[in-house]
Amino acid sequence: MSEAEARPVRRRVRLIGFWGTAESDHLPHPAALVDPGWDEAERHQVAGYLEDGQIAAEWMGVSRCRLCDRPNGSRDLTDGVYLWPEGLAHYVVEHAVRLPAEFVEHVEVSLQALEDLERDSSWWRENAART
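Notes on the structure in this doc start here. (Residues numbered from 1 in each chain as written. Predicted model: local features only at pLDDT ≥ 70, side-chain atom pairs only at ≥ 80, totals over all residues. Heavy atoms only, no water.)

1. What about the overall build of the protein?
Point 1. A count of helices and strands for the protein gives 5 helices and 4 strands.
Point 2. Reading the protein from its N terminus to its C terminus gives the helix and strand order α-β-α-β-β-β-α-α-α.
Point 3. In summary, the protein has a C-alpha radius of gyration of 19 Å against a globular reference of 14 Å for 131 residues, an excess of more than 25%.
Point 4. Oriented by its inertia axes, the alpha-carbon framework of the protein measures out at about 55 × 45 × 25 Å.
Point 5. Long-range contacts, defined here as pairs at least 24 residues apart, represent 62% of the contacts in the protein between residues at least 6 apart.
Point 6. Of the roughly 9500 Å² that the protein leaves accessible, carbon and sulfur atoms contribute 52%.
Point 7. A distance of 5 Å separates the average location of the 14 positive side-chain charges in the protein from that of its 24 negative side-chain charges. (Helix = DSSP H or I, 4+ residues; strand = E, 2+ residues; numbered from the N terminus. Rg over C-alpha atoms; globule rule 2.2 N^0.38 Å. Contact = heavy atoms within 4.5 Å. Areas by Shrake-Rupley, 256 points an atom, 1.4 Å probe, with all protein chains shown as cover. Lys, Arg positive; Asp, Glu negative; His and termini not counted. Charge placed at Lys NZ, Arg CZ, Asp CG, Glu CD.)

This is the structure we're talking about:
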């Protein structure tokens, strides 16, 4: 195997829900994205998706909500396409922080794709019978 083949392929994920700081003032502040008119059912669907992300990293300390100061986690989560802080679901549900339409559509498409999966239990039945 060549060195190039041995190196892992680097993938890129899109960041969402990371807030501006003195060091990164180019990022938004969550207060600028609050939308009390955002449909509650859609917010809960998006928040559920965010809560089910895979752990991408864990950090020392705990992040706090920029709007209510609640402890908000210490992990980054991902679905392989987007990367977000663990507490992003809190912002969506509790503060109606609206996420970009592109991300909301991504959530809807991803969840629909899971619902549309054809389920095949033959492997499971065959292997369970052998035990």
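There is more to say after this.
2. What to know about the environment of Trp59
Point 1. Structurally, Trp59 can be placed in the loop between strand E2 (54-58) and strand E3 (75-78).
Point 2. Judged by relative accessible area, Trp59 falls into the exposed class, the value being 52%.
Point 3. As for Trp59 and Asp69, which are separated by 10 residues in sequence, their C-alpha atoms are 18 Å apart.
Point 4. When sequence neighbours within four positions are dropped, the list of residues in contact with Trp59 reads Ser74, Arg75 and Asp76.
Point 5. Of the polar contacts made by the side chain of Trp59, one reaches the side chain of Asp76; its length is 3.1 Å. (Buried < 20%, exposed > 50% of the residue type's maximum accessible area, 1.4 Å probe, protein only. Polar contact = N/O pair within 3.5 Å; in protein donor to acceptor, adjacent residues only side chain to side chain.)

3. Thoughts on the pattern of salt bridges
Point 1. By the definition in use, this model includes 4 salt bridges.
Point 2. For Glu102, the salt bridge goes to Arg14, with nearest N and O atoms at 2.4 Å. Placement of the pair is Glu102 in helix H4 (residues 101-115) and Arg14 in strand E1 (residues 14-15), with a sequence separation of 88 residues.
Point 3. Accessibility expressed as a relative area gives 43% for Glu102, which makes it partly exposed.
Point 4. Across the pair Arg64 and Asp69 runs a salt bridge whose closest N-O atoms are separated by 3.2 Å.
Point 5. For Asp69, a relative accessible area of 45% gives the class partly exposed. (Salt bridge = Lys/Arg side-chain N within 4 Å of Asp/Glu carboxyl O.)

4. Section: unusual backbone geometry
Point 1. The backbone of Asp69 sits at a positive phi, close to 70°, despite the residue not being glycine.
Point 2. Mapped onto the elements, Asp69 comes out in the loop between E2 and E3.
Point 3. With phi around 55°, Ala96 is a residue other than glycine that occupies positive phi space.
Point 4. Of note, Ala96 is situated in the loop between helix H3 (88-95) and H4.
Point 5. Since its relative accessible area comes to 8%, Ala96 is described here as buried.

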